[in-house]
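Analysis of the macromolecular model
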Amino acid sequence: MSIEPLVWTTVCAVDDILPDTGVCALAEGRPVAVFRVGHTQFYAIDNVDPKSGASVLSRGLVGNLGKHVVVASPLYKNHFDLSDGVCLEAPEHSVRAHSVRVEDGRVLVALG
Amino acid sequence: MKIIVVGHGMVGHKFLEELHQLNLPHAEVSVLCEEPRPAYDRVHLSEFFAGKSAEDLSLVAPGFFGQTGFSLRLKARASAIDRRKKTVTTADGEVLAYDKLVLATGSVPFVPPVSGNDRADCFVYRTIEDLEGMTECGARSQSGVVVGGGLLGLECAKALRDLGLETHVVEFAPRLMAVQVDDDGGRVLRSKIEALGVQVHTNRNTVEITDGARARHRMVFADGSHLEADMIVFSAGIRPRDELARQHALAVGARGGIAVDDHCRTSDRDIYAIGECAAWKDQTFGLVAPGYEMARVAARHLAGQSDAAFAGADMSTKLKLMGVDVASIGDAQGKTPGCRSFRYADELKQIYKKIVTSADGKRLIGAVLVGNADEYGTLLQMAQNGIALPAAPEFLILPASDGQAKPGLGVDALPDSAQICSCNNVSKGQICAAVEGGATTIGELKACTKAGATCGGCVPLVTQVMKAEMARRGMAVNNHLCEHFAHSRQALYHLVRVGQIKTFDELLARHGQGLGCDICKPTAASILASCWNDFVLKDDLASLQDSNDYFLGNIQKDGSYSVVPRMAGGEVTPDGLIAVGQVAKKYGLYTKVTGGQRIDLFGARVEQLPFIWEELIAAGFESGHAYGKSLRTVKSCVGSTWCRYGVGDSVGLAVELENRYKGLRAPHKIKFGVSGCTRECAEAQGKDVGIIATDKGWNLYVCGNGGMKPRHAELLASDLSKEALVQLIDRFLMFYVRTADRLQRTSTWRDNLEGGLDYLKDVVLNDSLGLAAELEAQMQHVVDSYQCEWKTAVTTPDVRKRFRSFVNSDKADEHIVFVEERGQIRPARPDECPATPATGDAAELATTA
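Residues numbered from 1 in each chain as written. Chains lettered and ligands numbered in written order. Predicted model: local features only at pLDDT ≥ 70, side-chain atom pairs only at ≥ 80, totals over all residues. Heavy atoms only, no water.

1. Comments concerning the UniProt feature "domain: FAD/NAD(P)-binding" (unreviewed entry) in chain B
The sites that carry the UniProt feature "domain: FAD/NAD(P)-binding" (unreviewed entry) are, in the present numbering, residues 1-298 of chain B. Helix makes up 25% of residues 1-298 of chain B and strand 27%. Its end C-alpha atoms lie 15 Å apart. (UniProt positions renumbered as here; feature names shortened; annotations may be inferred. Helix = DSSP H or I, 4+ residues; strand = E, 2+ residues; numbered from the N terminus.)

Below, the structure is given as structure tokens:
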């Protein structure tokens with residue numbers, strides 16, 4: 001692992017993401033699921049669901065299980081913690097979480 | 001050991017089931033059955049008139065004889081026994097040897113010895129053949145009379161009334177059900193039965209049957225009066241079939257019946273007798289529960305369990321006669337010396353209740369309930385287990401008044417040995433054990449203990465025991481939807497409707513906590529849609545929809561979606577077919593005809609969906625809601641329009657119904673079927689709502705299912721006009737939408753409904769909850785506010801823009817890869833698409849390389 005500066009990709013406007021839903025964006029060619037929870041919280045994890053290999057996590061339902069803010073995969077309903085990408089039911093199926101920030105009404109994503 | 005069973009009725013078959021469970025080694029079992037078909041459910045015989053077939057009534061599990069190796073001979077009457085040689089001879093002359101013989105010959109209906117009792121069109125009510133004869137005769141008769149106003153006679157009167165005949169009941173005694181109820185109870189029962197259009201004649205002693213002047217028969221009574229009718233059914237009690245015993249010098253009871261000891265053995269140690277043909281302490285038993293108990297005792301004793309003993313039986317009964325509840329417990333007539341009674345009568349509602357207590361008022365010894373038998377379960381347990389009565393026992397039968405709960409039984413008070421289900425002899429202890437084993441719904445309990453699976457009368461009590469046991473074990477009796485809502489789906493539905501709640505945020509703020517989840521959000525979305533029917537992709541509703549509803553398509557394993565245009569009733573024009581074909585060809589979609597009589601198009605990427613639908617809508621199609629927990633399809637056969645056997649226009653009705661209920665969001669998907677005649681080509685009885693044409697209109701069946709646990713739909717109402725049919729479906733569907741759990745199909749909902757089909761009928765047909773008008777109005781609102789979701793989606797820019805693979809790119813999703821198979825696309829398997837990234841770091845290498 002080497003320490004490199006984050007590469008930020010502008011993916012969309014804040015208003016392009018309906019509160020409590022996600023969208024899929026390409027960041028450096030990689031499909032990333034970007035979620036808006038409530039109006040102001042943003043999260044990003046890999047979009048590919050390891051269990052199915054399908055690029056679908058942005059289309060899952062957002063919510064919380066206990067203290068975890070999660071998305072449920074639309075295919076097999078396994079839950080991923082949005083802050084670290086850990087799959088709650090099967091940690092071996094976890095995904096990478098990515099960085100997100102909002103600047104001037106734009107949403108930016110950086111891998112890692 | 002060679003075992004011969006003579007008689008394959010309910011008790012004979014129960015004996016075989018018990019024997020099979022005991023797993024007796026080297027048992028060679030032969031069964032002689034006089035009737036042309038194996039054992040069937042005589043308790044529910046009248047349902048034959050309500051559309052059940054002989055197969056539906058069968059008690060023999062498929063493959064039973066194959067698995068057990070028992071051999072069954074049908075139409076084989078035992079005509080003689082040679083007790084010395086230990087053989088049985090059949091009427092055909094076959095001679096079979098036995099080591100042990102079991103007589104389960106049942107009984108025959110008693111026909112009063114009056115002249116003319118053997119005239120044509122006179123019947124008894126016992127076998128399916130009798131019922132077939134009655135049906136045939138009913139079709140060419142205007143009126144019918146039942147001789148006998150007992151339990152079976154009234155069942156039989158219902159059958160005649162269902163056949164559409166002017167119906168009379170003639171009873172020798174001064175009241176109906178003279179054995180089970182007292183004078184006051186008999187009076188209430190009589191007025192209820194008469195209000196249903198059955199004419200009751202008590203104190204009538206028939207002396208002669210002759211030719212009638214206006215009808216086929218004239219019954220002449222001892223008092224000189226007479227009654228004319230086209231058909232006569234004798235149902236004046238039963239007599240044990242003990243002729244084999246009498247012929248071969250086995251002891252018989254003082255009032256008939258083959259005498260048996262506590263082990264159900266006759267005076268010959270190698271011959272047992274069980275059921276209605278047996279007399280224990282000079283008593284015969286005409287109910288199924290004691291017969292089943294005898295079957296159990298005989299099987300165990302025969303298998304070497306010498307302590308198996310019959311200890312008599314409780315003759316308490318609860319039944320519904322023509323919709324009238326009647327129950328009788330213990331000493332119903334109050335014949336015990338010194339006993340006291342408490343009575344309650346409501347002449348307006350026609351309810352009569354009486355309890356009989358011991359002289360000191362501390363123990364319940366009998367009861368009569370007519371018109372409403374809600375307390376039966378509680379009272380029966382109190383009587384059977386000698387539970388101390390409360391200080392004011394009258395409150396047990398008085399209606400609950402404001403703020404004062406009725407004294408309940410408190411199932412905790414029952415000993416583990418208390419018999420909860422008498423038909424199948426299931427104790428409280430067995431139910432508790434099943435709960436411990438993981439059965440936590442009525443459906444599961446029925447499946448593993450058989451409690452409540454025969455007559456169903458004990459289901460409320462079984463439920464109470466189950467819930468109490470779950471609470472005792474600290475198991476979540478709670479039916480909370482999820483961690484965000486401490487409410488059941490049914491309660492949430494109520495809160496949404498009463499509170500006029502229109503959004504999830506409001507629901508969460510007022511009745512929940514947290515952010516919500518993938519359980520409560522779709523449930524709330526469904527409830528909101530059922531209640532208010534707003535566009536499901538509106539900004540404040542869209543985030544609740546799971547992926548299928550959000551993209552208005554069914555997500556497939558590779559993240560592509562299917563497209564299913566509605567083809568109401570399975571009807572499609574050639575132009576429509578061409579349009580669907582052209583769209584499929586243009587977008588390279590896989591096409592398949594579905595079981596619901598329409599066409600599925602697979603393999604659409606999310607950004608293609610609006611374009612595909614735009615073209616389908618232009619060709620006249622609408623959303624088929626294949627993605628929703630909502631009405632899917634109304635399958636139909638071609639019906640009377642084309643079919644030479646068709647009786648009704650099934651396609652026309654199917655199209656109309658599909659268009660009426662399309663878009664209705666429900667706890668789970670709903671499927672309909674409409675068949676144009678009883679050949680049932682549309683398989684309507686396997687659907688949530690099934691309709692079959694009759695020559696008088698439409699029969700309505702509900703709660704059927706195919707799938708994992710097939711379930712035949714049950715007849716809700718017959719010979720309906722289209723208007724009446726639609727009204728009942730409106731009520732039925734809305735009642736389901738209102739009360740079912742999430743993801744509960746109508747079949748499981750029905751299996752778990754306390755009160756079962758009778759309750760459902762009460763609510764839907766008789767409006768017992770006073771909800772009918774409201775349910776109909778709610779359905780009408782849904783019908784009137786229907787919109788094609790796809791049409792709204794493609795024409796609303798803010799919604800349409802959500803259909804894209806990437807928010808920042810027009811690229812196609814490269815994870816969706818197809819290969820060709822049989823001339824069409826299918827998703828590539830992992831080994832067929834090396835470009836598809838795996839997980840973790842390998843994924844990163846693959847995508848960045």
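2. Brief notes about the sheet that holds strand S4 (residues 41-46) of chain A
Residues and elements named next belong to chain A. The antiparallel open sheet is built from six strands, whose spatial order is S1-S9-S8-S4-S3-S2. Edge positions in the sheet fall to strand S1 (8-13) and strand S2 (21-27), since each has one partner strand and no second. The sheet shows a mean angle of 30° between the axes of neighbouring strands, direction not considered. The pairing of strand S8 (residues 97-103) with strand S9 (residues 106-110) spans five bridges and is classified as antiparallel. By the bridge assignment for S9, Glu 103 is matched with Arg 106. (Pairing = 2+ DSSP bridges. Axes fitted to C-alpha atoms, helices over the stretch in contact; angles between N-to-C directions.)

3. Describing the interface of chain A and chain B
Many authors give the size of an interface as the accessible area that is lost as the parts come together. Taken together, the 38 residues of chain A in the interface contact 41 residues of chain B. Roughly 3,000 Å² of surface becomes buried between chain A and chain B when both sides are summed, with 56% attributable to carbon and sulfur atoms. Inspection of the region where chain A meets chain B yields one salt bridge. A salt bridge links B:Lys801 to A:Asp16; the nearest nitrogen and oxygen atoms lie 3.6 Å apart. Taken together, chain A and chain B are joined by eleven residue pairs in polar contact (both at pLDDT 80 or more). At the level of secondary structure, the elements contributing two or more residues to the side of chain A that touches chain B comprise S1, S2, strand S3 (30-37), strand S5 (61-65) and strand S6 (68-72) of chain A. Within the side of chain A that touches chain B, the residues separate by chemical class into 21 nonpolar, ten polar and seven charged. (Contact = heavy atoms within 4.5 Å. Buried area = accessible area lost by both parts, 1.4 Å probe. Salt bridge = Lys/Arg side-chain N within 4 Å of Asp/Glu carboxyl O. Polar contact = N/O pair within 3.5 Å; in protein donor to acceptor, adjacent residues only side chain to side chain. Nonpolar A, V, L, I, M, F, W, Y, C, P; charged D, E, K, R; others polar.)

4. With respect to the side chain of B:His668
Residues and elements named next belong to chain B. Topologically, His 668 is positioned in the loop between helix H20 (650-661) and strand S33 (670-675). For His 668, a relative accessible area of 15% gives the class buried. Setting aside residues no more than four positions away along its own chain, His 668 makes contact with Lys 629, Ser 630, Tyr 736, Leu 743, Gln 744 and Arg 745. (Buried < 20%, exposed > 50% of the residue type's maximum accessible area, 1.4 Å probe, protein only.)

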